[in-house]
Structures are given as structure tokens and as C-alpha cells.
Amino acid sequence: MSLPEGKFKVVCARTGLELQEGPESWSLTPAGEPGVKTPDVKTFEFKHIDDGQYTIVNKASDKTAFLREGVLVLEKVEADPANDADALWRIESVEEEFDVLEFFYPSVVVATVEGHAPFDKPRGEGVNGPRQLRAGDAAEGAAPELTGDYDLMDDRGHWRFEPVDELKPGKYHIKSASNPEVALDKTMFLGRLVGNEDAKRFKWRLSPLGNGYYCMFNKATKKSLDGGSEETESGAKPSLARKDVNPRSQQWKVIPHAVDVGMYHICCHANFLALDAGRQGEEGAVTLLKDFSPDEPSHKWEIVPCADGENSCASDAESDEEIEEACA
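> Before we move on, could you go through the overall build of the protein chain and cite the residues and values that matter?
Secondary structure summary: the protein chain contains two helices and 24 strands in total. Per-residue burial for the protein chain yields a buried fraction of 48% across its 328 residues. Excluding contacts between residues fewer than 6 apart, the proportion of contacts in the protein chain whose partners are at least 24 apart in sequence is 58%. About 15,500 Å² of surface is accessible on the protein chain, with carbon and sulfur atoms providing 47% of the total.

Okay, here's the thing in C-alpha cells:
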């Protein structure tokens, strides 16, 4: 599996033009403004079926993409398209570096897209043969090309898959999913948030680092959440350290929960350990780093923006004074 399951914006790696669905086909359109929500016509859901093959469904139309006799066909279907070979598209990463969290959870991936390309069955020929989706030579407004000449390294066929569910830069409360009245504070304990929403000890500035990773900066201490080195063992307590986003210990993968909207898992890049709030989310409970399991209730957090107006400036500044200057 080269691409984690999820919703993505699909961008031509050579030109930066973005894939958009129209009534009958896909076309290439200019990139949207940074920080603006990706429109549904540019949002595609990829579901892994088997052996690196995926179904592709557009969020706006709910239509599935099929490759039929060498032509892209978009259809809204009632039955699960997983059993239709025309609906299966092979996504092949062009990058060799392996990262556990990036491999399984929404991250930016550069890959090729090819239809009618199973590994375990004979491939068709002629109009029923494999077709690679390319756009490197296509102009704005044009449709991408389907070609029978597959080439993994030809950048005309390279697509950048960008997750669309990432959090915007800003200040957040990180609440226990088991007990939303408590939240992570500067001491790494769960404190009572209700009635203390303005307290800086509960406020965390999340700054995107790319690929779903964030720096998590506490407003009271002016320090960043640190998960320790790759040797850190399950059961250790996270700490706060002077902000430095270069070491993986301060890079946190924020993974959307597979079912519950607004809920997330938070894992340290250095060791893949997850923030654990305890199953009851009791006030005063210590937050620990534990071996990550997406089905573990104590690894689920609700990440909620602070009060309206607090996130109007997405500066990475390390003090309120610096933020005020940046916003001026």
C-alpha cells in the first residue's frame, strides 16, 4: 500500500495544477489559496481494496472513477465498486523512504496512478490494457491524459496527494475524548478546563510542519511538547523543551480518528508512541506515552480551537509580544 486511505487533494507534481471533477471528466485547475478549505470538487476519497489498488470517489458528486475501454468514466453507483476491475486504480509511490506513521495515516505522497494494472492477474490488451494517468504536458483547463506507456520515473505522471483534513495553524485545547471537561495542561496532567478556558496552561499552538506533523507549543511555558528519543519506552511521560522543530521528538503526527469527526490520535515522530489520557479521562490523571493502537479509547483526543478571535494570526512566534508584532 503506497497511499494511506483518506481524503486527498490531487496535484500534478510538475505543474502544480490541481485535479477537479466536472460533470463528465476531470480537469486541471489553478491551485487554491493557502489556508483555504479544499472545495469538494477537488476532494477525492481513496479506499484501499487490495494489493496497492484503490477506488476513487469524488466528495462533491459521490461518483466513482472507472477505466472503461481506455476512457475515464465517472458514475454514481449503489453497489460497492471494489469487485469491479474497472474501478481499481494502482497507486505506486515514487519515493523509497519508509515512515511508519506516514505509511499508514494521511500524509503527502508523490505517486503514479494506473488503471487496469493488477499484480496477481493477467493484464488486458488494447483498449482493455493498463493506462497511466498523466498531466505533466497538459495546460490549465485541459483533461489529464490516459496513456498505455507506463513509466514510474517520468514526472509527467507524478501526482502529489495532499490530505485535506489537516488542522489549521492556531491555538487549541486538547481535551480527553473520554471526559471533555478536562484537557492537557502544561504539567502533562489532565486539568479541569471547564471554567478555565482562558488559562494559558491549557492553550497549545499547533504549527504545521508538513505530512500531518505539528509542533505543539504551550502558551504558559513558552515551550514545546517533547516525546523523547527513539529509545523512549512505552509508559514514559512526555516533557516540555525549548522549541526546536528539527528533532523528531518535537514533531507530532495528528491523525484524524477513522470514525469520530473532530477526534484525533497524537503520536511522536521519534518513537511512534501515542499520547495516552487514560480510559476514564479523570481530572489529575497523568498523560503518558504508550504503544499506539488506533482502537484504544485512551489514545483519542478532541482538539478544539480556542475562543473566537484567538486564531486570527497563525504566527509561530514564541511569545504573545512577538505574535502581536507579527499581526501588526
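From this point, the discussion proceeds with the structure in view.
> So what's going on with empty space enclosed by the protein? Residues and values would help.
A complete count under the given rule lists one cavity of 30 Å³ or more for this structure. Of the pockets and cavities examined, the largest cavity occupies roughly 50 Å³. Forming the walls of the largest cavity are V10, L19, W26, F44, F46, I56, V113, L133 and F161. Counted by class, the lining of the largest cavity contains nine nonpolar, no polar and no charged residues.

> Help me get a handle on the packing of aromatic side chains, residues and values and all.
In this structure the tally under the stated criterion is four aromatic pairs. A centroid spacing of 6.3 Å and a plane angle of 85° characterise the contact between F8 and F161, whose relative ring orientation is edge-to-face. Within this pair, whereas F8 is found in strand β1 (residues 6–12), its partner F161 is found in strand β12 (residues 159–163), the two being separated by 153 residues in sequence. Take F8 and F161: they sit in the same class, and that class is buried. An aromatic cluster of three or more residues is present, and its members are F8, F46 and F161. The lysine or arginine in question, R68, covers the ring of F66, its NZ or CZ lying 4.1 Å from the ring centre.

> Please set out the pairing of strand β7 (residues 71–75) residue by residue, giving values where relevant.
Burial along β7 is one-sided: L72 and L74 are buried, while V71, V73 and E75, pointing the other way, are not. In the sheet, strand β6 (residues 64–68) pairs with β7 via five bridges, with the strands oriented antiparallel. The partner of A65 across the bridge, within β7, is L74. Connecting the antiparallel pair β6 and β7 is a turn made up of two residues, with E69 showing a positive phi of about 50°.

> I'd like a rundown of the environment of V110, residues and numbers included.
Examined against the element boundaries, V110 turns out to sit in strand β9 (residues 109–115). Residues V110 and A13 lie 97 residues apart in sequence; the distance between their C-alpha atoms is 7.5 Å. With residues near it in sequence (within four places) discarded, V110 still touches E92, S93, V94, E95, H158, W159 and R160.

> How would you sum up the pattern of salt bridges? Please name residues and give values.
Enumeration over the complete set of coordinates arrives at 19 salt bridges. The partner of D155 in a salt bridge is R14, and the shortest N-O contact between them spans 2.8 Å. Of this pair, D155 sits in the loop between β11 (145–147) and β12 while R14 sits in the loop between β1 and β2 (18–21); the two residues are 141 residues apart in sequence, bridging distant segments of the chain. According to the relative accessible area criterion, D155 is partly exposed, its value standing at 32%. The exposure class assigned to R14 is partly exposed, which follows from its relative accessible area of 41%. Note that K59 is salt-bridged to D40, the shortest N-O span being 3.7 Å. Placement of K59 in the loop between β5 (53–58) and β6 and of D40 in the loop between β3 (26–29) and β4 (44–50) is noted, with a sequence separation of 19 residues between them.

> Residues and numbers for the side chain of H265, please.
In this fold, H265 is placed in strand β21 (residues 263–268). For H265, a relative accessible area of 3% translates into the label buried. Among the polar contacts listed, one links the side chain of H265 to the backbone oxygen of H299, at a separation of 2.9 Å. Setting aside chain neighbours within four positions, we find H265 in contact with K253, V254, I255, H257, F292, P294, H299 and K300.

> Explain the nonpolar core to me, using residue names and the numbers behind them.
If you look at the biggest cluster of nonpolar residues, it comprises 26 residues, and the most contacted ones within it are L3, W26, F46, I91, W159 and F161. Within the second largest apolar cluster, 24 residues are counted, among which are I266, C268, A270 and L289.

> So what's going on with unusual backbone geometry? Residues and values would help.
Even without being a glycine, H116 presents a positive backbone phi close to 55°. Relative to the helices and strands, H116 resides in the loop between β9 and β10 (131–134). Taking the relative accessible area as the measure of exposure, H116 reaches 10% and is therefore buried. At F272, a residue that is not glycine, the phi angle is positive and equals roughly 65°. Position of F272 relative to the elements: it lies in the loop between β21 and β22 (273–276). On the basis of relative accessibility, which here comes to 29%, the residue F272 falls in the partly exposed class.

> I'd like to hear about the environment of C215, residue by residue, with values.
Take C215: it is sitting in strand β17 (residues 213–218). With a relative accessible area of 0%, C215 lands in the buried category. Along the sequence, C215 and S249 sit 34 residues apart, while their C-alpha atoms lie 9.7 Å from each other. Each residue touching C215, except ones within four places of it in the same chain, is listed here: R205, L206, S207, L209, S224, K243, V245 and Q250.

Procedures and definitions
- Residues numbered from 1 in each chain as written.
- Predicted model: local features only at pLDDT ≥ 70, side-chain atom pairs only at ≥ 80, totals over all residues.
- Heavy atoms only, no water.
- Helix = DSSP H or I, 4+ residues; strand = E, 2+ residues; numbered from the N terminus.
- Buried < 20%, exposed > 50% of the residue type's maximum accessible area, 1.4 Å probe, protein only.
- Contact = heavy atoms within 4.5 Å.
- Areas by Shrake-Rupley, 256 points an atom, 1.4 Å probe, with all protein chains shown as cover.
- 1 Å grid on protein atoms, 1.4 Å probe; cavity = no way out; pocket = protein on both sides within 12 Å on 5 of 7 lines; lining within 4 Å.
- Points joined across faces, edges and corners; volume = space filled by probe spheres on them.
- Nonpolar A, V, L, I, M, F, W, Y, C, P; charged D, E, K, R; others polar.
- Phe/Tyr/Trp six-rings, centres within 6.5 Å; stacked < 30°, edge-to-face > 60°.
- Lys NZ or Arg CZ within 6 Å of the ring centre and 35° of its normal.
- Pairing = 2+ DSSP bridges.
- Salt bridge = Lys/Arg side-chain N within 4 Å of Asp/Glu carboxyl O.
- Polar contact = N/O pair within 3.5 Å; in protein donor to acceptor, adjacent residues only side chain to side chain.
- Core = buried A, V, L, I, M, F, W, Y, C linked by side-chain atoms within 4.5 Å.

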